Amino acid sequence: MKSYLKGALLLGSLFIVGCSSLVEKKESANIIIKNGTVLTMNEKRDIIENGVIVIKNNKIISVGTEDLLKKYSANKVIDAEDGIVMPGMINTHTHASMTVFRSLADDVPDRLNRYIFPLENKMVSPEMVYLGARHGATEMALGGVTTMVDMYLFEDDAARAVKEVGLRGVMTQNIIKYPTADGQKKGETLERAIAFVEKYKNDELITPGFGPHGPHTVTKEELLKIKELSEKYNVPVSMHVAETDVEFDRIKKDFKMTPVEYLDSLGLLNERFIAAHNIFVTDSDIELMKKRDIGIAHNMVANIKSAKGISPALKMHDMGMRVGLGTDGPMSGNTLDIIGQMGYVAKLHKLDTKDRSALPPKKAVEMATIGGARAIHRENELGSLEIGKLADVVVIETKSVNMNPIFDPYSALVYSANASNVDTVIVNGKVIVEDKKIKTVDLEKNSKELNNFKGKVQKIAETL
Ligand SMILES: [Zn+2]
């Protein structure tokens, strides 16, 4: 009896020691996401049912099945409740501050010259840029965007707002040959851009860059300087390219080249360049863009709305080029989330090619995630859920009425989901949206301050 008890006690203590050593063996992390269908968007496009993502500091340290729960512990465990867990989406082209002007003078001919430029000259101030960017970045965060590529005036103030919301931003200071609210004198916007790049060069969330407005709205001299400066600082250049027939004809007339050939002749097309729109491009332009390995921002919804044309972005994607999705500014595309883009991109390219297999939902999700990361040349850090990548993760809930049933998660994302299905958003290892609410800024106060501008905008718009 005694010996039996002794044995039992020994076994018991061994068991306890065993258990505690198991507990001790658990590696500590900061965030664990469990119970979701994980769309890794890795090279094999693996999907993990009941998948687990483990985040430590600002990086993903493990991705796999629920077995990982035995290996890791974390202070914060997010139950995805059968939702879809995906890489944060990347908005490769926008002007977030223009939320201040959203829904004004939609569908007016020659809107850029008639409304946008005059309005911006009279209205734009650092305060307006800050409030508009804060509102726009909040909308993007709530819609599952974790990285945005922006181009605007007073970009320093836009970057300040984006940091406050907690998004990752490739922020480029607008450079244009006309006098603007942030540059009355010749060369002033370029000087502003240099100061902005120097200020944010080593920021964790903001990648500063140069934003020449377009091939025909910036002087050749300044474009050459921008080429040199982007090389010197090793920062991106984002630019509207081949967006309108007016631009195409002007460059043809002045330089006897297409806009793409013209920019290449200046040495601008390289691995730092992100071209937005790319509607008026020839087959040889596309070959050149591929050869120069530039990023492509495809802004389908904005391009449909303005009836400018259909960019051959699907062809570019299928050629292995770096194609991501963009919303353009909220005066052009009106909404700023990328989920809303995917359905249009899939459907319109099918209609355009008269081929329903031309752009399956998986391809649209690719463009929204890893494609966007490739477009900004950051596919080693962003765009997929893989060990070592930055922790930019989104959870889409699947309980809402529009999300049921789900036979194919890609299909559900592209054809069924909308921005309001985004439940949780993590950027750089920090939860910025939880239970569909933004945690970093006061949304109500934000909207109120933004709407204070409405009266002023209306008054000026009436004079245009
Ligand atoms: Zn734009």
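The following refers to the structure shown. (Residues numbered from 1 in each chain as written. Predicted model: local features only at pLDDT ≥ 70, side-chain atom pairs only at ≥ 80, totals over all residues. Heavy atoms only, no water.)

**Details of the coordination of the zinc ion**
Around the zinc ion, the protein supplies His93 (NE2), His95 (NE2), His240 (NE2) and Asp328 (OD) as donor atoms, at distances of 2.1 to 2.2 Å. Around the zinc ion, the four donor atoms are arranged such that angles at the metal cover 90 to 168 degrees; this shape is classified as irregular. Here the donor residues of the zinc ion share one chain and are spaced in sequence as H-x1-H-x144-H-x87-D. One end of the pair, His95, is in the loop between β6 (89–94) and α3 (111–123); the other, His240, is in strand β10 (residues 237–241), with 145 residues separating them in the sequence. (Donors = N, O, S within 2.8 Å, 3.2 Å for Na, K, Ca; no water. Tetrahedral: all angles 85-135°; square planar, octahedral: opposite > 155°, others 65-115°. Helix = DSSP H or I, 4+ residues; strand = E, 2+ residues; numbered from the N terminus.)

**Quick look at a positive patch on the surface**
A contiguous patch of positive charge on the surface is contributed by Lys177, Arg250, Lys253 and Lys256. Mapped onto the fold, Lys177 is located in the loop between β8 (168–175) and α6 (188–200). (Patch = residues over 30% accessible without salt bridge, like charges linked within 9 Å, V, L, I, M, F, W, Y side chains within 5 Å. Areas by Shrake-Rupley, 256 points an atom, 1.4 Å probe, with all protein chains shown as cover. Salt bridge = Lys/Arg side-chain N within 4 Å of Asp/Glu carboxyl O. Lys, Arg positive; Asp, Glu negative; His and termini not counted. Charge placed at Lys NZ, Arg CZ, Asp CG, Glu CD.)

**Things to note about the pairing of β10**
Within β10, five of the five residues are buried, which leaves it mostly tucked inside the rest of the structure. Here β10 shows two buried faces, one formed by Val237, Met239 and Val241 and the other by Ser238 and His240. Pairing of β10 with strand β11 (residues 273–277) involves five bridges; the strand directions are parallel. Looking at the pairing, Val237 lines up with Phe273 of β11. (Buried < 20%, exposed > 50% of the residue type's maximum accessible area, 1.4 Å probe, protein only. Pairing = 2+ DSSP bridges.)

**A closer look at helix α5 (residues 155–165)**
Burial in α5 covers these residues: Glu155, Asp157, Ala158, Ala159, Ala161, Val162 and Val165. Where α5 ends, the next residue or the one after it, Gly166, has phi of about 100 degrees, a positive value.

**Re the packing of helix α4 (residues 126–142) against α5**
The contact between α4 and α5 brings their axes to 8 Å, and the two run at 35 degrees. As for how α4 packs across α5, the hand of that crossing is right-handed. For the pair α4 and α5, contact is made by Pro126, Val129, Tyr130, Ala133, Arg134, Ala137, Thr138 and Ala141 and by Asp157, Ala158, Arg160, Ala161, Val162, Glu164 and Val165, respectively. When its residues are assigned to classes, the contact of α4 with α5 shows ten nonpolar, one polar and four charged. (Axes fitted to C-alpha atoms, helices over the stretch in contact; angles between N-to-C directions. Left-handed = near helix turned anticlockwise from the far one by under 90°. Contact = heavy atoms within 4.5 Å. Nonpolar A, V, L, I, M, F, W, Y, C, P; charged D, E, K, R; others polar.)

**Focus: the packing of aromatic side chains**
Taken as a whole, this structure holds three aromatic pairs when the rule is applied. Judged by centre distance (6.1 Å) and plane angle (55 degrees), the ring pair of Phe117 and Tyr178 falls under tilted. Of this pair, Phe117 sits in helix α3 while Tyr178 sits in the loop between β8 and α6; the two residues are 61 residues apart in sequence, bridging distant segments of the chain. By relative accessible area, Tyr178 is classed as partly exposed at 34%. Taken together, a centroid distance of 5.2 Å and an interplanar angle of 50 degrees make the contact between Phe196 and Tyr200 tilted. With a gap of four residues between them, Phe196 and Tyr200 both fall in helix α6, about one helical turn apart. Summarising the burial analysis for this pair, Phe196 and Tyr200 share the class buried. We note Arg160 situated over the ring of Tyr130; from NZ or CZ to the ring centre the distance is 4.2 Å. The ring of Phe453 has Lys456 sitting right over it, with the charged end atom 4.6 Å from the ring centre. (Phe/Tyr/Trp six-rings, centres within 6.5 Å; stacked < 30°, edge-to-face > 60°. Lys NZ or Arg CZ within 6 Å of the ring centre and 35° of its normal.)

**Focus: the pairing of β6**
Residues in a regular strand project their side chains so that they alternate between the two faces of the sheet. The buried fraction of β6 amounts to six of the six residues, a majority that puts the element mostly inside the structure. The pairing of β6 with strand β7 (residues 145–152) spans four bridges and is parallel. Its bridge partner being in β7, Met89 is matched across the sheet by Val145.

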